[in-house]
Amino acid sequence: MQIKRFEAKDVQEALRQVKEVLGEEAIILSTRKIRKPPSRLGAFDGPRVEVVAATDQPVNPPAFLPVQFPAVDCWKGAPKKQERFGEDPFTQRILSVGLVPEFVNDLLKEVQGLQKKPGYVRFPDSYRDLLRTRVMEAVEVAAPYLQGTKIWAFIGPTGVGKTTTLAKLAAHFNLRMTKRITLITIDTYRIGAIEQLKTYARILGLPLEVAISREELKEIIEKNRRQDLLLIDTAGRNPHDPAVLEELKEFLTVHPAIENHLVLSATMKDRDLAQMVYRFSTLPIKSYIITKIDETEEYVPIFNQLLRYKKPLSYITNGQRVPEDIELATKGRVANLILNQIQWN
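Scope of this entry: the structure provided in the associated data block. In this text the structure is predicted, and so the values were computed from the model without any measurement. Along each chain, numbering runs from 1 in the same order as the chain's sequence is written. In view of the model being predicted, local features appear only for residues whose pLDDT reaches at least 70, and side-chain atom pairs are presented and counted only at 80 or more, with totals across whole chains, interfaces and linings using the full set of residues. Derived side-chain values reflect all non-hydrogen atoms in the structure, with water molecules and hydrogen atoms excluded from consideration.

A separate point is the environment of L197. Strands are runs of DSSP state E lasting at least 2 residues, helices are runs of H or I lasting at least 4, and numbering of each runs from the N terminus. With respect to the helices and strands, the residue L197 is situated in helix 6 (residues 193-204). By relative accessible area, which is 0% here, L197 ends up buried. Along the primary structure L197 and L208 are separated by 11 residues, whereas in three dimensions their C-alpha atoms are 7.9 Å apart. For this analysis, residues touch if any pair of their heavy atoms sits within 4.5 Å. Discounting chain neighbours no more than four positions away, the residues touching L197 are T163, L166, L183, I184, T185, L208 and D233. Relative accessibility decides the category of a residue: with a 1.4 Å probe and only protein chains considered, values under 20% of the type maximum give buried, values over 50% give exposed, and everything between is partly exposed.

Looking at the element boundaries, I302 is found in helix 10 (residues 300-308). Residue classification places I302 among the buried residues on the basis of a relative accessible area of 10%. Residues I302 and Y288 lie 14 residues apart in sequence; the distance between their C-alpha atoms is 9.9 Å. With residues near it in sequence (within four places) discarded, I302 still touches S265, A266, L273 and I290.

Structurally, the position occupied by T317 is in strand 10 (residues 313-317). A relative accessible area of 3% places T317 in the buried class. Among all residues touching T317, those that are not within four sequence positions of it are T165, K168, I290, T291, K292, I293, D325 and I326.

With that settled, consider helix 10. Counted residue by residue, helix 10 has nine buried out of nine residues, so it is predominantly covered. Every buried residue of helix 10 is accounted for by V300, P301, I302, F303, N304, Q305, L306, L307 and R308.

In this section: helix 6. Expected helix span is computed as 1.5 Å times (number of residues minus one). With 12 residues, helix 6 extends 17 Å from end C-alpha to end C-alpha; this agrees with the ideal 16 Å at 1.5 Å per step. Of the positions making up helix 6, those classed as buried are A193, L197, Y200, A201 and L204. Taken around the axis of helix 6, the buried residues stretch over an arc of 100 degrees, which confines them to a single face. Facing away from the buried side of helix 6 by over 90 degrees, the exposed positions are R202 and I203. Packed against the buried residues of helix 6 are helix 5 (162-176), strand 5 (181-185), strand 6 (208-210) and strand 7 (229-233). Read the arc as the range of directions from the helix axis to the C-beta atoms.

Pairing within the open sheet is mixed, and its eight strands lie in the order 6-5-7-4-8-9-10-11. Both outer strands of the open sheet, strand 6 and strand 11 (326-328), are each paired with one neighbouring strand and no more. Mean inter-strand twist for the sheet, computed between neighbouring axes without regard to direction, equals 25 degrees. Where strand 4 (residues 150-155) and strand 8 (residues 258-265) come together, five bridges link them in parallel fashion. Residue pairing for strand 8: I151 is matched across the bridge by I258. The convention used is that axes are lines fitted to C-alpha atoms, helices contributing only their stretch in contact, and that angles between N-to-C directions extend from 0 to 180 degrees. In the packing of helix 5 onto the sheet, contacts are made with strand 4, strand 5, strand 7, strand 8, strand 9 (285-291), strand 10 and strand 11, and the angle to strand 7 comes to roughly 165 degrees. Any two strands are treated as partners once DSSP identifies two or more bridges connecting them.

Moving on, we get to unusual backbone geometry. The linkage connecting V322 with the following residue, P323, adopts the cis geometry, with an omega of 5 degrees. Relative to the assigned elements, P323 resides in the loop between strand 10 and strand 11.

Viewed as axis vectors pointing N to C, helix 9 (residues 270-280) and helix 10 meet at an angle of 35 degrees, and their least axial separation amounts to 9 Å. In this structure, the crossing between helix 9 and helix 10 has a hand that is right-handed. Of the residues in helix 10, those in contact with D270, L273, A274 and V277 of helix 9 are P301, I302, N304, Q305 and R308. The class makeup of the residues in the contact of helix 9 with helix 10 is five nonpolar, two polar and two charged. Definitions for this section: a left-handed crossing has its near helix turned counterclockwise from the far helix by less than a right angle. A right-handed crossing has that turn clockwise. Three residue categories are used. Nonpolar comprises Ala, Val, Leu, Ile, Met, Phe, Trp, Tyr, Cys and Pro, charged comprises Asp, Glu, Lys and Arg, and polar comprises the others, including Gly.

Structure below.
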């Protein structure tokens, strides 16, 4: 993967540079507003946009970038002042939180269209309602579907809360929906991993199986084929090591009914999240589960992954309590997290 940084006066110009250099298949990893230091004369250049993008394709840099000339009033022969969306205080706030440039670009083009309508008044509620609507349209969510035997595997990097999330769902479906559940772990690497899950299994009165090989996992699944739900705990994996991901893939392709749910922490940075999703996508991902939303106030990076990699969000967790601190993801909940990150007043 080749990663490059682009800097421009606005989002449109930065995206044009990305496409020019990296091509149409480039992935936007992050975007943020920056302010250049003053020049030698003491003047600031004003705010600019920084975009970090990546591609797996070989890059041949262009010999030159096209020169852009200012619009000229043909009657006066002087540069004509043109209002850009970045000059509006509310759109500046939307831009500053780091949403994926393509999403911001489309949103602000729509804002510009609204601003041109006769009688349009710029109220924060107008922007807020529009942003809420577009976020809800962009996000995919997935309600659990439990007809027949379901096999859910929880995958992801270390420390994101896979085991605790599994326990929360096990308690929810066992205590509130009286589902027949078996817990399975293939995490034989982490010290205390089996004991942790064994404690949850004992408290909930659920059977626990340990598989140390692909063949054992296959046998366990076959033995529990009459259960409603099999929940598989996996070891946290380093996504930058292809060998361990390949080993995980070997395990989780043992049965065609296994659904992989990628568990990610809301406390991770945008670029790190993008790398996690990209690496773990060597496995088929059924949904995302976002943990630790109570430990951060920055939710845009999570939303950005939902836009970059079009998979549904199924659950959100917001604490350590089992089973209370987990909720089914909804479009409205995601929209509220994003909107609450913007200072509207």
